[in-house]
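Below are the chains, spelled out letter by letter.
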Amino acid sequence: MVLKTVTTFLTTTPVRGTRTYEYKNILVNVCFFILIMEMCERLCYYGLTGSIKVLFQSRFNYSSFQASALTNVLPSFVYITPLLGGYVADEIWGRFKTITLFGFIYLAGVILMSISVKPGSVNKTLFMFSCFGLLALGAGGIKANVVTLGGDQFGNSAEHQKQKEQFFNYFYWAINIGAGISYGYLAQMATNGSGDISEEYGFFWSFMICTIALGLALITFLSASGRYILLPASGGTMGTFFNVFKNSLRTSWEAWGIVLGGILMACGFVLNVGAAFIEDKDVNKQVSIAGCVTAGVGVLLSGILCVDISWVGNEEENATQLDRKGTDSNSPLSAQSTGNPVKSAKELWRVIPAVLCATSFWVAYNQMSSNFYAQSCQMNLLLGGSTQLNAAVLNVGDCIAIVVCIPLFDSFLYPFIERCKGSKFTVLQKMACGFIVTCIALVAAALIEIERRKSGVVSFESDGKSYSNCAPVYSESNPDTCEEDSSGFIGKKTCMSNLSVFWMAIPYFLIGVGECLISVQVYELCYTEIPVEMRSTAQAINLFTTGLASAIAAGLTVAFQNDIPNDLNKGRLEVRTFMEMTIFKLGLGPY
């Protein structure tokens with residue numbers, strides 16, 4: 001019965017425009033449901049991943065650098081699967097069906113993750129499968145399509161375009177409201193418990209709340225199905241796109257260079273992800289170095305060759321127009337559609353350099369959940385008495401920056417800059433400012449780490465609460481591992497430094513400002529500058545670079561493992577941070 005229902009759902013072709021524009025305010029009456037879904041889904045995702053580094057260390061006995069690497073690997077899996085989600089949506093099922101199917105795969109993964117961390121029945125194999133398999137596939141599969149489905153609800157009229165711009169801003173707000181709740185409450189519950197929930201059951205109940213949130217997200221989304229404009233899958237757009245590229249290979253060396261760049265990025269991705277799971281330190285270090293170099297060269301090569309797209313399909317400019325009968329200027333189907341496959345391909349290739357440039361930002365962004373987190377865990381976490389802050393709560397600083405800065409920038413800063421310079425403040429100029437702010441964030445984090453090591457440790461107290469509740473336990477004989485016997489772990493707890501953890505709010509906040517200046521612009525580029533038939537594909541490519549950046553971040557953590565021991569007082573974490581600044585310089589040259 002279930003299989004028959006799913007088959008019927010997937011094989012039934014949606015009608016173009018299942019509603020008319022009887023709603024004056026599309027944002028409130030239609031997109032509100034999409035925004036609520038996104039908020040609940042992000043609450044679920046960040047609730048699961050906010051303290052996952054501690055879970056890897058405390059439940060599955062990984063060392064600090066391994067836990068950091070795996071924490072970076074997870075988003076690399078999540079953001080590689082949007083390529084599949086974008087393809088399926090654009091070519092086969094359309095966005096609504098794709099979101100629904102992958103959403104239920106996502107829900108199955110979250111349920112199994114919750115079961116796998118229940119005290120008394122912790123199952124590492126089940127957790128790894130449900131986390132790196134089902135969750136990554138489900139979350140990634142819907143990721144490229146939710147924002148695009150929201151954008152599809154608007155036509156070309158001035159009022160609709162104004163509402164669409166507001167939608168993209170509110171969409172990012174929804175993401176960060178959900179993330180703020182997760183980091184502010186669920187992350188703290190996971191490691192410390194809450195009320196009647198003991199510390200032992202913290203992860204289990206925080207994961208159960210995430211499961212409920214995702215279920216609510218799917219119910220909200222499906223309940224408004226009759227309100228959505230459901231554009232059909234283009235059925236051949238991707239094939240046409242690749243045919244145009246294949247024809248370009250006959251006459252253009254640039255196209256062959258991009259093929260090489262793509263192969264290098266794919267190889268770098270595989271090497272960096274593989275390095276995080278290799279236990280031999282010498283081997284994983286060499287593999288990660290090779291992966292980072294390979295991926296970096298691929299990004300640079302592809303980005304440079306896509307700056308001039310004159311090589312794309314010169315002979316096919318007079319391709320047959322796509323069928324656009326029955327549409328009008330106010331219809332979503334007519335919005336941004338070129339009607340020419342070669343022009344559509346060119347529009348997609350044209351935004352690739354900006355998307356690839358954002359890769360270096362996402363490498364830095366990933367530090368908030370790994371090395372920034374590890375650094376914060378060895379700072380003074382005490383809130384008064386013996387109560388400790390979970391360092392994941394600092395991610396709220398990133399969320400606050402986004403929620404505050406997006407409307408502030410749009411309403412005041414951008415208009416002010418345009419008045420001063422007498423011209424438009426372009427997307428690329430905003431991104432350049434974002435890179436500068438992110439570099440300042442990395443410098444701040446490195447300087448704070450240097451000062452942290454100088455500050456000494458919190459005085460020992462008889463109840464042992466001067467030890468960090470989120471830094472790893474380690475063996476004195478081998479600081480990178482824990483010793484284990486039949487009674488459990490025998491190791492040394494990590495002391496907190498005297499420097500207050502709230503200093504780390506500075507780099508977290510600055511990363512959020514950089515995200516406003518970079519990520520929001522790229523999201524908008526991948527929608528407004530792309531023909532309607534390729535928007536899910538464009539978002540998928542954008543998210544792929546995010547996944548590639550996560551893999552590079554994991555590779556860098558493994559490569560610098562000697563500087564990131566379990567006890568950071570015996571390492572030099574700032575070396576790893578300064579290396580990211582070098583990556584920024586390499587990325588800004590072509591930019």
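Thresholds applied
Residues numbered from 1 in each chain as written. Predicted model: local features only at pLDDT ≥ 70, side-chain atom pairs only at ≥ 80, totals over all residues. Heavy atoms only, no water. Helix = DSSP H or I, 4+ residues; strand = E, 2+ residues; numbered from the N terminus. Buried < 20%, exposed > 50% of the residue type's maximum accessible area, 1.4 Å probe, protein only. Contact = heavy atoms within 4.5 Å. Areas by Shrake-Rupley, 256 points an atom, 1.4 Å probe, with all protein chains shown as cover. Axes fitted to C-alpha atoms, helices over the stretch in contact; angles between N-to-C directions. Parallel < 35°, antiparallel > 145°, perpendicular 65-115°, else oblique. Left-handed = near helix turned anticlockwise from the far one by under 90°. Nonpolar A, V, L, I, M, F, W, Y, C, P; charged D, E, K, R; others polar. Phe/Tyr/Trp six-rings, centres within 6.5 Å; stacked < 30°, edge-to-face > 60°. Salt bridge = Lys/Arg side-chain N within 4 Å of Asp/Glu carboxyl O. pLDDT = per-residue confidence, 0-100.

### Some remarks on the overall build of the protein
For the protein, the count of helices and strands is 18 helices and four strands. Taking all 591 residues of the protein together, the buried fraction comes to 57%. A fraction of 82% describes how many contacts in the protein between residues 6 or more apart in sequence connect residues 24 or more apart. Put simply, the protein shows about 23,200 Å² of open surface, and 64% of that area lies on carbon and sulfur atoms.

### What about the environment of Phe242?
When you line up the elements, Phe242 lands in helix 9 (residues 237-249). Note on Phe242: relative accessible area 47%, which makes it partly exposed. For the pair formed by Phe242 and Ala345, sequence separation is 103 residues and the distance between their alpha carbons is 8.6 Å.

### Some details on the packing of helix 6 (residues 124-152) against helix 7 (residues 158-192)
The contact between helix 6 and helix 7 brings their axes to 10 Å, and the two run at 155°. On the basis of the axis angle, helix 6 is roughly antiparallel to helix 7. In this structure, the crossing between helix 6 and helix 7 has a hand that is right-handed. Seen from helix 6, the contacting residues are Val146, Val147, Gly150 and Gly151; seen from helix 7, they are Lys164, Phe167, Phe168 and Phe171. By residue class, the composition of the contact of helix 6 with helix 7 is five nonpolar, two polar and one charged.

### Focus on the packing of aromatic side chains
All chains considered together, the criterion is met by 25 aromatic pairs. On the numbers, 5.5 Å between centres and 45° between planes, the contact of Tyr46 with Tyr183 is tilted. Here the residue Tyr46 occupies a position in helix 2 (residues 26-49), and Tyr183 occupies one in helix 7, the gap between them amounting to 137 residues. Of the two residues, Tyr46 and Tyr183, both sit in the buried class.

### A closer look at the pattern of salt bridges
Proximity of charged atoms lets side chains of opposite charge pair with each other. What the rule picks out here adds up to eight salt bridges. Between Glu38 and Lys143 there is a salt bridge, with the nearest N and O atoms lying 3.8 Å from each other. Linking Glu38 in helix 2 with Lys143 in helix 6, this pair joins segments that are 105 residues apart in sequence. Judged on exposure class, the residue Glu38 and its partner Lys143 are both buried. One continuous salt-bridge network, built from bridges that share partners, spans Glu449, Arg452, Arg453 and Glu574.

### Side note on the environment of Val147
When you line up the elements, Val147 lands in helix 6. Of the residues examined, Val147 reaches a relative accessible area of 1% and is grouped as buried. For the pair Val147 and Phe168, spaced 21 residues apart in sequence, the C-alpha separation works out to 7.7 Å. Discounting residues that sit within four places of it in the chain, Val147 has contacts with Phe167, Phe168, Phe171, Tyr523 and Gln539.

### As for the side chain of Lys164
Secondary-structure assignment places Lys164 in helix 7. Sequence-distant contacts of Lys164, that is, excluding residues within four places in its chain, are made with Gly151, Phe154 and Tyr527.

### Here's the deal with the side chain of Asn395
Checked against the element boundaries, Asn395 lands in helix 14 (residues 395-421). The exposure class of Asn395 is buried, given its relative accessible area of 4%. If we skip the residues at most four places from it in the chain, Asn395 touches Tyr183, Met368 and Tyr508.

### Quick word on the packing of helix 2 against helix 6
Interhelical geometry of helix 2 versus helix 6 gives an angle of 155° and a closest axis separation of 11 Å. On the basis of the axis angle, helix 2 is roughly antiparallel to helix 6. Where helix 2 crosses over helix 6, the two elements pack in a sense that is left-handed. When helix 2 is examined against helix 6, the residues Cys31, Ile34, Met37, Glu38, Glu41, Arg42, Tyr45 and Leu48 are found in contact with a partner set consisting of Leu135, Ala139, Ile142, Lys143, Val146, Leu149 and Gly150.

### What about the confidence of the model for the protein?
Per-residue confidence for the protein gives a mean pLDDT of 80, with 83% of residues at or over 70. Put simply, strand 4 (residues 488-490) is where the protein has its lowest mean pLDDT, 40, and helix 8 (residues 202-223) is where it has its highest, 94. For the stretch residues 13-17, pLDDT sits under 50, and the model shows 11 contacts to residues farther than four places along the chain or on other chains. Below a pLDDT of 50 lies the segment residues 480-490, which in the model reaches 20 contacts outside its immediate sequence neighbourhood of four places, other chains included.

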